[in-house]
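# Summary of structural features
What follows is the residue order along each chain.
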Amino acid sequence: MSLEVVPIDAAHPDFVGLASGIDLTAPVSEQLACAIDAAMNRYAVLVFRGQPLTQDQQLVFARSLGPLDLGFKRVARPHARLAYQELADISNVDESGQIADRAHRRIVGNLANQLWHSDSSFQQPAARYSMLHAVVVPESGGETEYADMRAAWDALEPREQRELEGLEAEHYALHSRFLLGDTDYSDEQRNALPPVRWPLVREHAGSGRRHLFIGAHATHIADRTLAEGRVLLMDLLEHATARRFVYSHRWQPGDLVIWDNRCTLHRGRRHDLSVRRELRRATTVDIDRHAASQAEQLEPAHGVR
Ligand code: OGA
Ligand code: MN
């Protein structure tokens, strides 16, 4: 069996691939990991259907694509329903396994996921691949949408592109929470992840294509007033998330969707909070996996020599 990828539909020929031919529970060879990278570089989103995974299987598969990210868990850990810190519990389920009350803290996190964002853009290194797996999904609502930041860049006028070159945006982990009125964080939590700066326009290492890098974690533009920077960020977001750049994924249990956070934005869509929605995410950091495994060999993690 080998990886096969075709465009998911005629509307997204260079953006979303429907992947088949491999079993996500089987060990991933170096050759297969490279094939997945190549497909991710051509497309930015890959959809696998009908592959129910245990937590362990999801984690093993994710690890084979790179070192894993903890992201927002370094600021706050609402509760650990899942077995591993490296798995994000993208659900409306509480500690006891019941549907969470709509005032439950973790629901705010879900709602923040409904703002267009790139996972962990608030840290350095940020995220590369996010792998979201559907366990239980509502009948309506709760789709996840993806926007193509390479196509959005390509569609700007040369004059608009020139205006953006050289600008940097600051990204901060709690910005989207503050925006939603969720401000109950200690100084320690506020300082756990200091803001980072990213160019507004970047080159995607895997394809050499240029793309916008924006989203809900971006607070302002360096060397511009707050007002000017925010208006620019809002304007770019409006452009980049026009329907022609967006793929909407309607979940089925057993789906695994992988996206490249470097050159996409995503958001969850509204759904009935009293109906169970349960997904799990593992995410790699944007570090070359070969460089990461070499560093591990040089410096064993637990001081073993
Ligand atoms: C995520 C995320 C959106 C959704 O898992 O990173 O943003 O649809 N999820 O749940
Ligand atoms: Mn996300």
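So, how was this worked out
- Residues numbered from 1 in each chain as written.
- Chains lettered and ligands numbered in written order.
- Predicted model: local features only at pLDDT ≥ 70, side-chain atom pairs only at ≥ 80, totals over all residues.
- Heavy atoms only, no water.
- UniProt positions renumbered as here; feature names shortened; annotations may be inferred.
- Helix = DSSP H or I, 4+ residues; strand = E, 2+ residues; numbered from the N terminus.
- Rg over C-alpha atoms; globule rule 2.2 N^0.38 Å.
- Buried < 20%, exposed > 50% of the residue type's maximum accessible area, 1.4 Å probe, protein only.
- Contact = heavy atoms within 4.5 Å.
- Areas by Shrake-Rupley, 256 points an atom, 1.4 Å probe, with all protein chains shown as cover.
- Lys, Arg positive; Asp, Glu negative; His and termini not counted.
- Charge placed at Lys NZ, Arg CZ, Asp CG, Glu CD.
- Pairing = 2+ DSSP bridges.
- Right-handed = clockwise from strand over helix to strand, strands pointing away.
- Near = heavy atom within 4 Å.
- Polar contact = N/O pair within 3.5 Å; in protein donor to acceptor, adjacent residues only side chain to side chain.
- Nonpolar A, V, L, I, M, F, W, Y, C, P; charged D, E, K, R; others polar.
- Donors = N, O, S within 2.8 Å, 3.2 Å for Na, K, Ca; no water.
- Expected span 1.5 Å × (residues − 1).
- Axes fitted to C-alpha atoms, helices over the stretch in contact; angles between N-to-C directions.
- Core = buried A, V, L, I, M, F, W, Y, C linked by side-chain atoms within 4.5 Å.

You'll find the protein entered in an unreviewed UniProt entry as Alpha-ketoglutarate-dependent 2,4-dichlorophenoxyacetate dioxygenase, with Paraburkholderia atlantica given as the organism. As recorded by UniProt, the Sequence similarities (unreviewed entry) comment attached to the protein reads in full: "Belongs to the TfdA dioxygenase family."

Helix and strand counts for the protein stand at nine helices and 15 strands. Taking 2.2 N^0.38 as the reference for a compact globule, 305 residues should give roughly 19 Å; the C-alpha atoms of the protein span a radius of gyration of 19 Å, in line with that estimate. Dimensions along the principal axes, computed over C-alpha positions, put the protein at roughly 50 × 50 × 40 Å. The proportion of buried residues among the 305 residues of the protein is 52%. Sequence-distant contacts, at least 24 apart, represent 80% of the contacts inside the protein between residues at least 6 apart. Surface exposure of the protein reaches about 14,500 Å², of which carbon and sulfur atoms provide 51%. When the 35 basic and 42 acidic side-chain charges of the protein are each reduced to a single mean position, those positions are 2 Å apart.

Residues V45 and V47 point to one face of strand β3 (residues 45-48) and L46 and F48 to the other, with burial holding for every one of them. Bridge count for strand β2 (residues 16-20) against β3 is four bridges, and the pairing is parallel. Bridge pairing in β3 links G17 to L46. Taken together, β2, helix α1 (residues 30-42) and β3 form a β-α-β motif whose crossover is right-handed. Bridge analysis of β3 against strand β13 (residues 256-260) gives four bridges, and the strand direction is antiparallel. Looking across to β13, one finds that V45 is bridged to W259.

This part covers the site of ligand 1. Every residue lining ligand 1 is accounted for by I90, N113, H117, D119, L132, E143, T144, W259, H266, G268, R277 and R281. Side-chain polar atom of D119 to an oxygen atom of ligand 1: 3.1 Å apart, as the coordinates give it. T144 is positioned such that a nitrogen or oxygen atom in its side chain is 2.6 Å from an oxygen atom of ligand 1. Contact with the protein chains covers 98% of the free accessible surface of ligand 1, which is 290 Å². Of the residues in the shell around ligand 1, the class split is three nonpolar, five polar and four charged.

Further remarks concern the coordination of the manganese ion (ligand 2). Donor atoms from the polypeptide that bind the manganese ion (ligand 2) are H117 (NE2), D119 (OD) and H266 (NE2), placed at 2.1 to 2.2 Å. Counting residues between consecutive donors of the manganese ion (ligand 2) along the chain gives the motif H-x1-D-x146-H. A residue pair is termed long-range when its members are at least 10 positions apart, and H117 in the loop between α3 (105-112) and β5 (127-136) and H266 in strand β14 (residues 264-268) qualify at 149 residues.

For α1, built from 13 residues, the straight-helix expectation of 18 Å at 1.5 Å per residue is met to within 8% by its first-to-last C-alpha distance of 19 Å. Every buried residue belonging to α1 is among L32, A33, I36, D37, A39, M40 and N41, and all of these are buried.

In this section: the sheet that holds strand β7 (residues 168-171). With antiparallel pairing, three strands are arranged side by side in an open sheet as β8-β7-β11. Every other strand in the sheet has two partners, leaving β8 (196-199) and β11 (218-221) as the edge strands with one partner each. Neighbour-to-neighbour, the strand axes of this sheet turn through a mean angle of 35°, independent of strand direction. With four bridges connecting them, β7 and β8 associate as antiparallel partners. Bridge pairing links A169 to W198 in β8. Sitting on the sheet, helix α8 (residues 226-240) is in contact with β7 and β11, with an inclination near 120° to β11.

This next bit is on the nonpolar core. As a rule of thumb, nonpolar side chains are buried together in soluble globular proteins. In terms of nonpolar packing, the biggest core is built from 25 residues, with F48 and I258 touching the most fellow members. When residues of this core are traced back to their parent elements, those giving at least two are α1, β3, α2 (55-63), β5 and β13. Sort the elements by how many residues they give to this core and α1 lands first, with five residues. Every residue in contact with F48, bar those within four places of it in the chain, is listed here: L3, A19, I22, L24, G254, D255, L256 and I258. Core analysis: the next-biggest nonpolar cluster, separate from the first, contains 22 residues, M149, L167, I221 and L233 among them.

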